[in-house]
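Each chain, letter by letter, is given below.
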Amino acid sequence: MQLAGLSGLGLATPGLAQPRPSNGAPDRHAPASFPSGFIWGTATSAYQIEGAVREDGRGPSIWDVFSHTPGKIADNTNGDRANDHYHLYKDDVRLIKDLGVKAYRFSIAWPRVFPQGDGAPNPKGLDFYNRLIDELLSNGIEPWATLYHWDLPQSLQDRFGGWQSSTTSKAFGDYAGYVTERLSDRVRNFFTLNEAGRFLNFGYGWAIDAPGLKLPAGELNQARHHVVLGHGLAVQAIRARARAGTKVGLAENIAACVPAIDTPENVRATEIATRELNAGILGVILEGRYTDHFLKFAGKDAPKFTADELKIIGAGIDFVGLNIYAPQFYIVAKDESPGFHVLPFPASFPHMSSDWLRIGPETAYWVPRLTAKVWKTDTIFITENGTSSEDKVNADGQVYDLDRIMYLRNYLTQLQRAISEGVPVRGYFLWSLMDNFEWIFGFEKRFGLYHVNFETQQRIPKLSASFYRNVVAKNAVGT
């Protein structure tokens, strides 16, 4: 979890006791609901579910190579087949429809569309997403597309060092323009990048994720700059080539800061921490500049950039997507610069089945609230939120994932609290639709609403699927 926090990513809160009427009968009241028109959805990513990695002209990605490197994946698996969504997508769309949600966030595999990352496009690759989009729309589900969810074409890594070079930034912009020009007749909302904080530090800084590099601080910060430049070039290309009215944002695993105790001093300190601990990605995108503290802290390792690049990076987006799982930093005020202090986590702090996923429902309240305050953001989506669980299939064939229900109930309650106070959260995408290839954990960690048998590809709904269906139907948490 400390690593997740450093990347700039990524228990039940009792309700207030209700007074009883004077006659002693319990007070009956309707639960607080989400706003009318609130968007309920679910999410996946291409490499984690599609499989078919060598079909219809798809080129290799850095995750294809990394997952086949011995010792990199916990259970020695890979995404070659994964959920076989490439062939079973119609069945999976029915799973989405059965939840009652009206939106689905998926990612487009860059190496399906451009096998080399640049050069000649592969029409068969885009054909799959055309089929998927049409199937979603025919079932009343709005498609929300992510252009980059970590599957960088291996060719760009081999030729240019991937995000170490601005050539990759330019290639990403070209890819974004090509895709959105062809899909924006039916897809109205695009995310450029997913979790830049994760794939940069874990992939280029600590060798935990693909492509498995350990760059020195200066080179890592330069790669970080190339990523946000790629985002800016993609936004530029989308606005030039997509249909009028197409909206664009990004989905970031923001460094989630929470006041340890919500005094005015600590809340102000947490605002400062939110800005400074996210300055290298979300901050520069939303402000068009790196903060003075960020540049001073980086010193000789600060990225090199031009004023024109900052204009491209900070040109403006239509919405901010926040991936929220756990509190990463509990903050208290401090008199000395920079004005905040990060508290250490006690070893006894509760967590879910993934050790890094500490339980802090208040994160779903504070993170969007602080994002809106710090950057004057008027449209926020929770683009990922969910948890792994043991997810044992019982003798009756059912999965009673009560811990996931506990987690979701409490986080959604805190999210509704934020919205009730005017925080502009417009929608929520639960991670994930179904169990999938969970990166370095392989198939050991399960985050889905649907249990997947990866041998037979059978999908069965967990109890949490019924819980989420109920929330969506009522537009509210609780009874």
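Our structure's up above, just so we're on the same page.
(A) The nonpolar core, seen in detail. Of all hydrophobic cores here, the largest spans 140 residues; its most connected members are W40, W63, I108, W110 and Y428. Here this core takes 9 residues from helix α10 (residues 217-241), the largest share from any one element. Sequence-distant contacts of W110, defined by excluding residues within four places in its chain, comprise G117, Y148, D151, L152, P153, L156, W163, T168, A171, F172 and Y175.

(B) Structural context of the pattern of salt bridges. Tallied over the full model, the rule gives 26 salt bridges. Here R188 and E142 are joined by a salt bridge, their closest N and O atoms 2.7 Å apart. With a gap of 46 residues between them, R188 in the loop between α8 (166-183) and β4 (189-194) and E142 in strand β3 (residues 142-148) connect regions that are remote in the sequence. With relative accessibility at 18%, the residue E142 sits in the buried group. Sharing partners across several salt bridges, the network here consists of D391, D401, R404, D435, R446 and K462.

(C) Structural detail: helix α4 (residues 85-99). Here α4 contains 15 residues, and its C-alpha end-to-end distance of 18 Å is more than 12% below the 21 Å for a straight helix at 1.5 Å per residue. Turning to α4, its buried residues number three or more, namely H85, Y86, Y89, D92, V93, L95, I96 and L99. Looking one or two residues beyond α4, the residue adopting positive phi is G100, at roughly 85°.

(D) Fine view of a nonpolar patch on the surface. Among the surface-exposed residues, Y400, L402 and L463 lie close enough to one another that they form a single nonpolar patch of about 290 Å² accessible area. Looking at the element boundaries, L402 is found in helix α16 (residues 402-420). Using a relative accessible area of 57% as the deciding quantity, one classes L402 as exposed.

(E) Broad picture of the sheet that holds strand β9 (residues 340-342). Across the sheet, which stays open at both edges, the 3 strands sit in the order β6-β8-β9 with mixed pairing between neighbours. Here the strands that pair on one side only, and so sit at the sheet edges, are β6 (257-259) and β9. Put simply, the sheet's adjacent strands are angled 40° from each other on average, direction ignored. For β6 and strand β8 (residues 329-333), the ladder comprises 3 bridges, and the chain directions are parallel.

(F) Structural view of unusual backbone geometry. Residue S337 is joined to P338 through a cis peptide bond whose omega torsion reads 10°. Here P338 lies in the loop between β8 and β9. The omega angle of the peptide bond from W431 to S432 is 10°, so this bond is cis rather than trans. If you trace the backbone, S432 turns up in the loop between β11 (425-431) and β12 (450-453). Phi is positive for A207, which is not a glycine, with a value near 60°. When you line up the elements, A207 lands in the loop between α9 (196-205) and α10. When its relative accessible area of 17% is taken as the criterion, A207 is described as buried.

(G) Main features of the environment of L343. Mapped onto the elements of the fold, L343 is located in the loop between β9 and α15 (363-375). In this structure L343 comes out as partly exposed when scored by relative accessible area, which is 29%. Setting aside anything within four residues of it in sequence, one finds L343 in contact with A260, Y330 and V332.

(H) Main features of the sheet that holds β11. The strand order around the closed barrel formed by 8 strands is β1-β2-β3-β4-β5-β7-β10-β11, and the pairing between neighbours is parallel. If you compare each strand with its neighbour and ignore which way they point, the axes differ by 25° on average. Where strand β7 (residues 319-323) meets strand β10 (residues 380-384), 4 bridges bridge the pair, whose relative direction is parallel. Among the inter-strand pairings, G321 is bridged to a residue of β10, identified as F381. Strands in contact with helix α12 (residues 279-287) are β5 (247-252) and β7; relative to β5, the strand with the most contacts, it is inclined by about 155°. With respect to the sheet, α15 is in contact with β7, β10 and β11, its orientation differing from that of β7 by roughly 150°.

(I) Geometry of the pairing of β10. Burial analysis of β10 places 5 of its 5 residues in the buried class, the great majority of the element. In this sheet, β11 lies alongside β10 in parallel orientation, the contact comprising 3 bridges. If you follow I382 over to β11, its bridge partner there is Y428. Running through α16, the crossover from β10 to the neighbouring parallel element β11 is right-handed.

Criteria and thresholds
- Residues numbered from 1 in each chain as written.
- Predicted model: local features only at pLDDT ≥ 70, side-chain atom pairs only at ≥ 80, totals over all residues.
- Heavy atoms only, no water.
- Core = buried A, V, L, I, M, F, W, Y, C linked by side-chain atoms within 4.5 Å.
- Buried < 20%, exposed > 50% of the residue type's maximum accessible area, 1.4 Å probe, protein only.
- Helix = DSSP H or I, 4+ residues; strand = E, 2+ residues; numbered from the N terminus.
- Contact = heavy atoms within 4.5 Å.
- Salt bridge = Lys/Arg side-chain N within 4 Å of Asp/Glu carboxyl O.
- Expected span 1.5 Å × (residues − 1).
- Patch = residues over 30% accessible without salt bridge, like charges linked within 9 Å, V, L, I, M, F, W, Y side chains within 5 Å.
- Areas by Shrake-Rupley, 256 points an atom, 1.4 Å probe, with all protein chains shown as cover.
- Pairing = 2+ DSSP bridges.
- Axes fitted to C-alpha atoms, helices over the stretch in contact; angles between N-to-C directions.
- Right-handed = clockwise from strand over helix to strand, strands pointing away.

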